[in-house]
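Structural characterization, general
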Amino acid sequence: MEIWINPACSKCRSALTLLDAEGADYTVRRYLEDVPSEDEIRAVLDRLGLEPWDITRTQEAAAKELGLKGWPRDDTARDRWITALAGHPKLIQRPIITADDGTAVVARTDEAVRDALSR
């Protein structure tokens, strides 16, 4: 499995601590440094079963600068949202764990991390 993290994020550190405690085999992706491409974001969204606006941190300064709250949340605007996430990776909700079974979870709780471990 892979976990997308921001090391400054307490939820990310908590998820890593739990993965380590469970002896999980995982790789870390510091997505602010190793920015996911638009195609990688699309693939993760497919694995999550979510839309880009579902994993967007709308309270971030970049979101406010872009005016994301006013953007449509439909198929016509989907690519625009994905482009924004790729261009401003700090907007991506974290941590995201891609599980070995091909699914993914936004692992903001211990329960979500355990769910990813059980897949």
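Scroll up to find the structure this text is about.
Here helix H5 (residues 110-117) has its buried residues at Ala112, Val113 and Ala116. The buried residues of H5 all sit within an arc of 100° when viewed along its axis, so they share a single face. For H5, the secondary structure elements touched by its buried residues are helix H1 (10-21), strand S3 (96-98) and strand S4 (104-106).

In this section: the packing of aromatic side chains. Applying the stated criterion across every chain yields a total of 3 aromatic pairs. With a centroid separation of 5.8 Å and an interplanar angle of 70°, the aromatic rings of tryptophan 53 and tryptophan 81 are classed as edge-to-face. Taken as a pair, tryptophan 53 in the loop between helix H2 (38-48) and helix H3 (61-66) and tryptophan 81 in helix H4 (residues 78-87) lie far apart in primary sequence, 28 residues in all. Of the two residues, tryptophan 53 and tryptophan 81, neither departs from the other in class, the shared state being buried. Taken together, Trp53, Trp71 and Trp81 form an aromatic cluster joined through their ring pairs.

Reading the values: rules and limits
Residues numbered from 1 in each chain as written. Predicted model: local features only at pLDDT ≥ 70, side-chain atom pairs only at ≥ 80, totals over all residues. Heavy atoms only, no water. Buried < 20%, exposed > 50% of the residue type's maximum accessible area, 1.4 Å probe, protein only. Helix = DSSP H or I, 4+ residues; strand = E, 2+ residues; numbered from the N terminus. Arc of directions from axis to C-beta. Contact = heavy atoms within 4.5 Å. Phe/Tyr/Trp six-rings, centres within 6.5 Å; stacked < 30°, edge-to-face > 60°.

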